[in-house]
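Each chain, written out:
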Amino acid sequence: MLAKRIIPCLDVRDGKVVKGVNFTGIKEVGDPVECAIEYNKQGADELVFYDITASHEGRGVMLDVVKRTAENVFVPLCVGGGISTIEDFRDTLRAGADKVSINSQAVKNPSLISEAAEIFGSQCVVVGIDAKRDGKGGYAVYINGGRIDMGLQLGDWVKEIEQRGAGEICLNSIDADGTKAGFDIEMLNYVCDRVSIPVIASGGCGKLSHFTDVLQQTNSSAALAASLFHFKELTVGEVKQELNKHNIPVRMY
Amino acid sequence: MIAIIDYGAGNIFSVKNAFDYLGYECKLTNSEDEIKKADRIILPGVGAFPAAMNMLNNSGLVPLIHEQTKIKPFLGICLGMQLIFEKGYEFEECDGLGLIPGAVKKIERTDMPIPHMGWNELKIQNECPLFKGLPENPYVYFVHSFAAECNDDNVAAYCDYGGKVTAMVQDNKYVFGAQFHPEKSGEVGLQILRNFAELN
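Bear in mind the structure is a predicted one, so any value in this text is a computation, not a measurement. Along each chain, residues carry numbers from 1 onward, in the same order as the chain's sequence is written. Whichever chain is written first becomes A and whichever ligand is written first becomes 1, with later ones labelled in order. Reporting in this predicted model follows two pLDDT cut-offs: at least 70 for local features of residues, and 80 or more for side-chain atom pairs to be given and counted; totals over whole chains, interfaces and linings ignore these cut-offs and use all residues. Hydrogens and water molecules were not included; the side-chain quantities draw on all heavy atoms of the structure.

Caption draft 1: Focus on the pattern of salt bridges. Residues and elements named next belong to chain A. When a carboxyl oxygen of Asp or Glu is within 4 Å of a side-chain nitrogen of Lys or Arg, the pair counts as a salt bridge. Counted under the stated rule, the structure contains 22 salt bridges over all chains. For arginine 90, the salt bridge goes to glutamate 87, with nearest N and O atoms at 2.7 Å. Linking arginine 90 with glutamate 87, this pair stays in helix α3 (residues 86-95), spanning three residues, or about one helical turn. Measuring nitrogen to oxygen at the nearest pair gives 3.2 Å for the salt bridge that ties lysine 99 to glutamate 168. Taken together, the residues lysine 99 in strand β6 (residues 99-102) and glutamate 168 in strand β10 (residues 168-173) connect sequence positions 69 residues apart. Taking relative accessible area as the criterion, lysine 99 reaches 1% and is therefore assigned buried. Burial here depends on accessible area, computed with a 1.4 Å probe over protein chains only, as a share of the maximum for the residue type. Under 20% is buried, over 50% is exposed, and the range in between is partly exposed. You can call glutamate 168 buried: its relative accessible area is 1%. It is possible to trace a salt-bridge network through shared partners that takes in Arg5, Glu46, Lys99 and Glu168. Runs of H or I in DSSP of at least four residues are treated as helices and runs of E of at least two as strands, each being numbered from the N terminus.

Okay, structure coming up:
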């Protein structure tokens, strides 16, 4: 049986890990390679770098971060942010990433999903989604960091993502994100019921029991968190011990 | 020196990164001389069976691999493990290296997603020198849609994914194959690579 995965996510700008609750409050807080090594020690099953660099030059810096991480950390590494072409996929994978995550660009140009899956294999194509309740009993897909409603229904979008050959979906609930009130169980179940590819839960976790809840009450394959791990409120090891106590299969080494 | 055979198939740098990290000298190479000089050989690979076998045939290294695997340790990883067998059935029937009897076929599951992707637990079936020093319930990282079907004697470990999936194979001497990615399997994977590098 597959282990449920715990995935710390690092936001990286110009080669530095940054953290901020809003766009004006961004602080630089460390070296991404060192953070990756630390999370690896704690037992992270996978690492995500999310590149929030705006400039083109920044991409080279990010690729160098990926390369140095791949030389020191031997678990799967996923890189997202600013990926818009097949060439970006190729460069990122060559630098040592195992998976590439796309979000807004997939909505704007869905054929990027199918092309990347065909060339590099489904296993390295992750589609990230930011979604929110639409007030009419459904969910709407947003792009550009949750700012633009594309008039796309979540149910339709996840089916298209799967049909185009993506290997995984990373579902971030805008409603839950930042609340620390728990993952969005309802939205995750809505998506897990509609696709058979793995779904990664993102957004909303604030304490240990939220991990148990999401992995017991949904079919999510993994849970992702950023600030909780970053601000050392919890370690990956503590989360896994808790899951293990509840007989949820996790990798303890 | 460990020769990592570079025949054009997939991401081979992560295997080299892992041996570099562990402090073992290794080289990415397709040179017959280097492979002869090496004291052990890795056959990596990502992609489809026929395409990779075609590249390997074109490299002219197949007779050398047959000769060398009789005299020094050899480890196939992922697709490199699948190529060890006599036949593959990805898109079309295709001859493999035939170092271990068996065939590679699509994993058929009605209610499980394919590819089999993620961390799964090794269930040890037969003693294997590459498992020395592993913790209990070792998890390793898999990404594959095809799996080897072979004699139980050759299966060092399998994993459970809606049924048995061959995870690690061996002949009775020098040939080993890992369906999973030891270079992406954390400490457990590094220990397996270390064991391989230390094999007599």
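Read on for the rest.
Caption draft 2: Just the packing of aromatic side chains, in detail. In this analysis, rings of Phe, Tyr and Trp, with Trp reduced to its six-membered ring, are considered paired at centre separations within 6.5 Å, and the interplanar angle assigns stacked below 30 degrees, edge-to-face beyond 60, and tilted for intermediate values. Per the counting criterion, the structure on display carries eight aromatic pairs over all chains. Arranged with centres 5.7 Å apart and planes meeting at 70°, the rings of Phe142(B) and Phe180(B) form a pair that is edge-to-face. Of this pair, Phe142(B) sits in strand β10 (residues 139-144) while Phe180(B) is found in the loop between β14 (175-178) and α6 (186-198), placing the two residues 38 residues apart along the sequence. Taken as a pair, Phe142(B) and Phe180(B) share a single burial class, namely buried. An aromatic cluster of at least three residues, connected via ring pairs, comprises Tyr39(A), Phe183(A), Phe211(A) and Phe229(A). We count a charge as sitting over a ring when the NZ of a lysine or the CZ of an arginine lies within 6 Å of the ring centre and within 35 degrees of the ring normal. Sitting above the plane of the Tyr158(B) ring, Lys164(B) keeps its charged end 4.4 Å from the centroid.

Caption draft 3: Structural context of the sheet that holds strand β7 (residues 100-106) of chain B. Residue and element names in this part refer to chain B. Note on pairing: DSSP must find at least two bridges between two strands before they are called paired. Spatially, four strands are ordered β6-β5-β7-β11 in an open sheet, and the strand pairing comes out mixed. Looking at strand neighbours, the two that pair on one side only are β6 (92-95) and β11 (146-149), the edges of this open sheet. Between one strand axis and the next, the sheet turns through 20° on average, direction left out of account. Pairing analysis gives three bridges linking strand β5 (residues 85-90) to β7, with the strands arranged parallel. By the bridge assignment for β7, glycine 88 is matched with valine 104. Against the sheet, helix α3 (residues 49-59) engages β5, β6 and β7, with an angle of about 30° to β6. The axes are straight lines fitted to the C-alpha atoms, using for helices just the contacting stretch, and the angles between their N-to-C directions are given from 0 to 180°. Whether two residues touch is decided by their heavy atoms; if any such pair falls within 4.5 Å, the residues are in contact.

Caption draft 4: Molecular detail of the nonpolar core. Nonpolar cores were defined as sets of buried Ala, Val, Leu, Ile, Met, Phe, Trp, Tyr and Cys residues, with membership established by side-chain atoms within 4.5 Å. Counting 78 residues, the largest nonpolar core has Phe49(A), Ile129(A), Leu154(A), Leu171(A) and Phe211(A) as the members making the most contacts within it. Discounting chain neighbours no more than four positions away, the residues touching Phe211(A) are Ile6(A), Phe183(A), Cys205(A), Ala223(A), Ala225(A), Leu228(A), Phe229(A), Leu234(A), Val239(A) and Leu243(A).

Caption draft 5: Geometry of unusual backbone geometry. Note the cis peptide between Ile114(B) and Pro115(B), where omega equals 10°. Among the structural elements, Pro115(B) can be located in the loop between β7 and β8 (116-121). Positive phi, close to 60°, is recorded for Lys180(A), a residue that is not glycine. One can find Lys180(A) in the loop between β10 and α7 (185-192).

Caption draft 6: The arrangement of the sheet that holds strand β4 (residues 74-77) of chain B in detail. Residues and elements named next belong to chain B. Read across the sheet, eight strands follow the order β2-β1-β3-β4-β14-β13-β12-β9 without closing on themselves; strand pairing throughout is mixed. Two strands in the sheet have a free side with no partner beyond their single neighbour: β2 (26-29) and β9 (123-124). When β4 meets β14, the two strands line up parallel, connected through four bridges. Bridging from a neighbouring strand, isoleucine 77 pairs with alanine 178 of β14. Together, β1 (2-5), β3 (40-43) and β4 form the strand contacts of α6, whose direction differs from that of β3 by roughly 140°.

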